[in-house]
Amino acid sequence: INTRFSNLKEEPLSLMTVLDFHKWPLGSQELATFGNSDIKELVCEHLDHFFLPEEREEIPAELILLKLIVRSLRTNPLVDVYSLVLKQKPSAMSHILKLLEYLLVVSPSTASCERGFSNTNVLKTRYRTGLRQDS
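It should be emphasised that the depicted structure is a prediction, and the values quoted were computed from it without experimental measurement.

Quick look at the overall build of the protein
So, point 1. A count of helical and extended segments in the protein gives seven helices and zero strands.
So, point 2. Split into buried and exposed, the 135 residues of the protein put 25% on the buried side.
So, point 3. Nonlocal contacts in the protein, meaning residues at least 24 apart in sequence, comprise 66% of its contacts between residues at least 6 apart.
So, point 4. For the protein, the exposed surface amounts to about 9400 Å²; the carbon and sulfur share of it is 57%.

As for the side chain of Arg74
So, point 1. If you trace the backbone, Arg74 turns up in the loop between α3 (53-71) and α4 (78-88).
So, point 2. We note that Arg74 is buried and unpaired, the nearest opposite charge coming from Asp20 at a distance of 7.9 Å.
So, point 3. At 2.7 Å, the side chain of Arg74 and the backbone oxygen of Trp24 are in polar contact.
So, point 4. Leaving out residues up to four positions away in the same chain, Arg74 has contacts with Phe21, His22, Trp24, Pro25 and Leu26.

Considering the side chain of Glu62
So, point 1. You can see Glu62 is positioned in helix α3.
So, point 2. Lys98 provides the closest opposite charge to the buried, salt-bridge-free Glu62, at an N-O distance of 10 Å.
So, point 3. Discounting chain neighbours no more than four positions away, the residues touching Glu62 are Ala92, Met93, Ser94, His95 and Ile96.

With respect to unusual backbone geometry
The general pattern is negative phi for most residues beyond glycine and trans for most peptide bonds.
So, point 1. The backbone of Lys89 shows a phi angle near 45°, a positive value even though the residue is not glycine.
So, point 2. Of the residues examined, Lys89 reaches a relative accessible area of 52% and is grouped as exposed.

Section: the packing of aromatic side chains
So, point 1. On inspection of all chains with the given rule, the structure shows three aromatic pairs.
So, point 2. Centroid distance Phe21 to Trp24: 6.2 Å. Interplanar angle 70°. Geometry classified as edge-to-face.
So, point 3. An angle of 50° between the planes, with centres 4.7 Å apart, marks the rings of Phe50 and Tyr102 as tilted. A residue pair is termed long-range when its members are at least 10 positions apart, and Phe50 in the loop between α2 (36-46) and α3 and Tyr102 in helix α5 (residues 94-105) qualify at 52 residues.
So, point 4. For Tyr102, a relative accessible area of 27% translates into the label partly exposed.
So, point 5. Members of the aromatic cluster, connected to one another through ring pairs, are Phe21, Trp24 and Tyr82.

Looking at the environment of Leu15
So, point 1. Topologically, Leu15 is positioned in the segment before α1 (28-33).
So, point 2. On a C-alpha basis, the gap between Leu15 and Val43 in space is 9.8 Å, while along the polypeptide they are 28 residues apart.
So, point 3. For Leu15, the residues in contact, after removing those within four places along its chain, are Asp38, Glu41, Leu42 and His46.

Re the pattern of salt bridges
So, point 1. Counted under the stated rule, the structure contains two salt bridges.
So, point 2. The salt bridge involving Glu55 is made with Lys98; its shortest N-O contact spans 3.5 Å. Of the two residues, Glu55 is situated in helix α3 and Lys98 in helix α5; the sequence distance between them amounts to 43 residues.
So, point 3. Judged by relative accessible area, which is 13%, Glu55 ranks as buried.
So, point 4. On the accessibility criterion, Lys98 (32% relative accessible area) is partly exposed.

About the thresholds
Along each chain, the written sequence defines residue order, and numbers are assigned to residues from 1. Only residues with pLDDT of at least 70 are given local features in this predicted model, and only at 80 or more are side-chain atom pairs given and counted; all residues enter the totals for whole chains, interfaces and linings. Side-chain metrics in this entry use all non-hydrogen atoms of the structure; hydrogen atoms and water are not considered. Numbering of helices and strands runs from the N terminus; a helix is a DSSP stretch of H or I covering at least four residues, while a strand is a stretch of E covering at least two. The rule is simple: take the accessible area with a 1.4 Å probe, protein chains only, and divide by the maximum for that residue type; under 20% is buried, over 50% is exposed, in between is partly exposed. Note on contacts: a residue pair qualifies if any of its non-hydrogen atoms lie within 4.5 Å across the two residues. The method behind every accessible area is Shrake-Rupley, applied with a 1.4 Å probe, and residues are considered shielded solely by the protein chains displayed. In this charge count, Lys and Arg are treated as positive and Asp and Glu as negative; neither His nor the chain ends contribute. A pair is scored as a salt bridge if a Lys or Arg side-chain nitrogen falls within 4 Å of a carboxyl oxygen belonging to Asp or Glu. We define a polar contact as two N or O atoms separated by no more than 3.5 Å, with the added condition that, inside protein, one atom must be a possible hydrogen donor and the other a possible acceptor, whereas residues neighbouring each other in sequence contribute only through side-chain atom pairs. Under the pairing criterion, centres of Phe, Tyr and Trp rings, with the six-membered ring standing for Trp, must be within 6.5 Å; the plane angle then separates stacked pairs below 30 degrees from edge-to-face pairs above 60, leaving the rest tilted.

The following block contains the structure:
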């Protein structure tokens, strides 16, 4: 398992863990600056093609707003909290919401694709492969 999911420890996936609010510091001072450099690197270097330059500039300020909203909900599951935030769509956080949507959609593994290929074996059996026009 460690070798199969080793890419989770590499960038950009490792930078995405900054949005795991269960790992955020509890103190206000530490939380204010926590993850700023990781978000900037993620948005400016790895996902720069998703954001316009002016959007990239606004994301660090929007991260602070996100931290304020999420801080009170940190005992809930990660996906539930971010789903709630995405449903509310605060207008002051439009760019970081775009990043959240991306992070919730990206699959860290190819397991779902592999399951799909395995399911084709139900349809494409040995007998079906042998069918020809004349048979």
